[in-house]
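Results of the structural survey
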Amino acid sequence: MSVLIFIDQSEGHIKKASLEALSYGTEIAGKSGIAAEGIILGNVSEDIAALGKYGVKKIYHVDNAALNHFDAQVFTNAIAEVVQRSGAKVIVFSNNVDGKSVAPRLSVKLKAGLVSGAVALPDTSNGFIVKKTVFSGKAFANIALNADIKIIALNPNSFSVNTGGEGSAEVVKTDVKVEEAKVKVTSVNKVKGEVPLSEADIVVSGGRGLKGPENWGMIEELAKLLGAATACSRPVADTHWRPHHEHVGQTGLAIAPNLYIAIGISGAIQHLAGVNRSKIIVVINKDPEAPFFKAADYGIVGDAFEVVPRLIEEIKKVKGVA
Amino acid sequence: MKILVCISKAPDTTTKIAFTDNNTKFAADGVQWIINPYDEWYALVRAIELKEKDPSTIIHLVTVGEADAEPVIRKALALGGDEAIRVNAGSGDSYYIASQIAAIAGQGAYDLIFTGKETIDYNGSSIGGMVSELLNLPYVSLAIKFELNGASAVITREIEGGEEVCEVGLPVVVSCQKGMAEARIPNMRGIMAARTKPLKVVEPAAVDSLTSIVSFELPPAKAGVKLVPADNPAELVRLLHEEAKAF
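Not measured: the values here are computed from a predicted model.

**Description of the interface of chain B and chain A**
- The interface of chain B with chain A comprises 77 residues on the first partner and 86 residues on the second.
- Regarding the contact of chain B and chain A, the summed buried area is about 6,800 Å², with carbon and sulfur atoms giving 59% of it.
- Among the ionic pairs, Lys-15 of chain A bridges to Glu-160 of chain B, the shortest N-O distance being 2.6 Å.
- Viewed at the interface, chain A and chain B are joined by 40 residue pairs in polar contact (both at pLDDT 80 or more).
- The set of elements that each furnish at least two residues to the side of chain B that touches chain A consists of α1 (37-53), α4 (127-134), β9 (139-149), β10 (152-159), β11 (162-169), β14 (211-217), β15 (226-228) and α6 (233-243) of chain B.

**Considering the domain arrangement of chain A**
All names here are of chain A.
- According to the domain assignment, chain A consists of domain 1 (2-173) and domain 2 (197-319).
- If you look at the interface, domain 1 gives eleven residues, while domain 2 gives twelve residues.
- Broken down residue by residue, the surface that domain 1 buries against domain 2 is led by Lys-16, Ser-136 and Asn-157, which jointly contribute 52%.
- Seen at the junction of domain 1 and domain 2, the total is one salt bridge.
- In this structure, the salt-bridge partner of Lys-16 is Asp-201, at a minimum N-O distance of 3.3 Å.
- Across the side of domain 1 that touches domain 2, the residue classes tally to two nonpolar, six polar and three charged.

**Let's talk about the pattern of salt bridges**
All names here are of chain A.
- Tallied over the entire structure, the rule returns 35 salt bridges over all chains.
- Note that Lys-15 and Asp-8 form a salt bridge whose closest N and O atoms lie 3.0 Å from each other.
- Look at Lys-15 and you get buried, because its relative accessible area is 10%.
- Between Arg-234 and Asp-238 there is a salt bridge whose closest N-O contact spans 3.0 Å. Here Asp-238 and Arg-234 lie together in helix α5 (residues 234-238), a separation of four residues that amounts to about one turn.

**Focus: the layout of surface pockets**
- Space inside the second largest pocket adds up to approximately 1,100 Å³.
- If you trace the second largest pocket, you find 31 residues lining it, with Gly-137, Lys-138 and Asn-276 of chain A together with Pro-219 and Pro-220 of chain B closest to the centre.
- Taken together, the elements giving at least two residues each to the lining of the second largest pocket come down to α6 (269-275) and α7 (292-295) of chain A.
- At three residues, the largest contribution of residues to the lining of the second largest pocket is made by α6 of chain A.
- When the residues that make up the lining of the second largest pocket are grouped by side-chain class, the tally is 15 nonpolar, eight polar and eight charged.
- Here the lining of the second largest pocket spans two domains, and each of domain 1 (2-173) and domain 2 (197-319) of chain A adds at least three residues to it.

**Focus: empty space enclosed by the protein**
- On inspection of all chains with the given rule, the structure shows four cavities of 30 Å³ or more.
- Forming the boundary of the largest cavity are 38 residues, of which Asn-95, Lys-100, Asn-155, Ala-254 and Arg-277 of chain A lie nearest the centre.
- Contributing elements (two or more residues each) for the lining of the largest cavity: α1 (16-32), α3 (97-110), β7 (113-118), β8 (129-134) and α6 of chain A.
- The greatest single-element share of the lining of the largest cavity, amounting to three residues, is contributed by α1 of chain A.
- In the lining of the largest cavity, the residues fall into eleven nonpolar, 17 polar and ten charged.
- Taken together, domain 1 (2-173) and domain 2 (197-319) of chain A each give at least three residues to the lining of the largest cavity, which thus spans both.
- The volume enclosed by the second largest cavity comes to roughly 90 Å³.
- Forming the boundary of the second largest cavity are Phe-70, Asp-71, Ala-72, Ser-101, Val-183 and Val-185 of chain A together with Tyr-139, Val-140, Ser-141, Arg-157, Glu-164 and Cys-166 of chain B.
- Secondary-structure elements contributing two or more residues to the lining of the second largest cavity are β12 (183-190) of chain A together with β9 and β11 of chain B.
- The leading source of residues in the lining of the second largest cavity is β9 of chain B, at three residues.

Calculation criteria
- Residues numbered from 1 in each chain as written.
- Chains lettered and ligands numbered in written order.
- Predicted model: local features only at pLDDT ≥ 70, side-chain atom pairs only at ≥ 80, totals over all residues.
- Heavy atoms only, no water.
- Contact = heavy atoms within 4.5 Å.
- Buried area = accessible area lost by both parts, 1.4 Å probe.
- Salt bridge = Lys/Arg side-chain N within 4 Å of Asp/Glu carboxyl O.
- Polar contact = N/O pair within 3.5 Å; in protein donor to acceptor, adjacent residues only side chain to side chain.
- Helix = DSSP H or I, 4+ residues; strand = E, 2+ residues; numbered from the N terminus.
- Domains from an automatic or database assignment.
- Nonpolar A, V, L, I, M, F, W, Y, C, P; charged D, E, K, R; others polar.
- Buried < 20%, exposed > 50% of the residue type's maximum accessible area, 1.4 Å probe, protein only.
- 1 Å grid on protein atoms, 1.4 Å probe; cavity = no way out; pocket = protein on both sides within 12 Å on 5 of 7 lines; lining within 4 Å.
- Points joined across faces, edges and corners; volume = space filled by probe spheres on them.

Have a look at this one:
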């Protein structure tokens, strides 16, 4: 019996969301008095044993180049084989792009109960109940997992990374049958040098109040200063002021950063659905009636073109940047 | 080319979310039901665009739900599609629903199965993956572009921090999101035609759910916004830095 945590990598680097999944999975294992184990598929350039600091004791590493690129079907079969060998009863994924793709497949293969979008540790006082977001972040549901094997896909940025573990993890080189992927990836296009929106701690977002794409310079400057990703509202993406992958909201990306700064966005209910899991929301809008202020923690009623440049100067002072 | 598009009904995006029966049921009274936006704007409309390119294409819609799902499936037929199948089943978890869809898909020899990337009510993003595993088919999730190239599909999908292009032989299951197609509204001709399009009702396959909803809860109310005067951004920076410790 163990908790098995899927450690997701991209180009040999372990994703931040997987560190959250590791911390979450090891805490479940600790509470139930069972072992926390990890699984990594593909070649990795980082020190796997060092992941022990997140509390995991043993990591199955299928060091096979055929697994360097994610494929839902191939990964499902590989993970299922390791689940069988490890006797895992709880399997933890991050509910990120790969997790959303592989966890449902694996749940069918193992006839396991699946909860995706989990935001809290399971309540095991009466069964096995996990809280997840529903209605696009407007509510939560408590889901009972009734099957023998349970799969949890943890929402990114909903569980703190815990580095309280001791020592290094035992890395077990593992061979599994790896079939050829039916989906062939022909090109990968990553935005270089920017923080991916889904993994960003801080997000600076602009809306129609900025009047045109030529005014995004201050948004980008503020984002760079804070190490933040940039985002935008739907009308901004629809009019091609900004690329579609920056669109956050009900029909765009749903994000949950620690700090979300909304500039010139009124806060329509559909936009809030994509950002309402942010820990702290700051709204800068010249309209005091903008609905976004009701969902905000901090706000400034003022003209973005006057407020943002001054905000940038003040942050520079605090950060000691000239 | 034969396409199956999975359609779910969902509460309108402006619905006030509330619960009844001691927080165990969604308060559905007076709720305006719509086609789940991802199923409509991206999955269904892309299928219709493919049919416009190649009129020999056949589009079937499938929904799992009781009779109250029929207005939504009729609206989907008004957009396009040749016929609809409603699996006459009440509530179940995503495994139950995916099993019903897979049972329909397994009988239809479909080349493509389209789903939305998730429903806006339960946000499971699981149906596409589950259906593909049940049918032992390849699965491409979070598609933002889709083109046919002979007997294979060229699909652009979202990955963290960018996108990738992949090619896969048919049949394949694809979950669709923004970018796949431009939203459109049904025209009068479509609405009239939808009235006479076949809507088959079939009984569900015997499958047990693997999970169940125990209760719902609403997030705690925000304490209220702390407003800072526009001429004092330094105070906002201080609050974010010292009080919220946000950076």
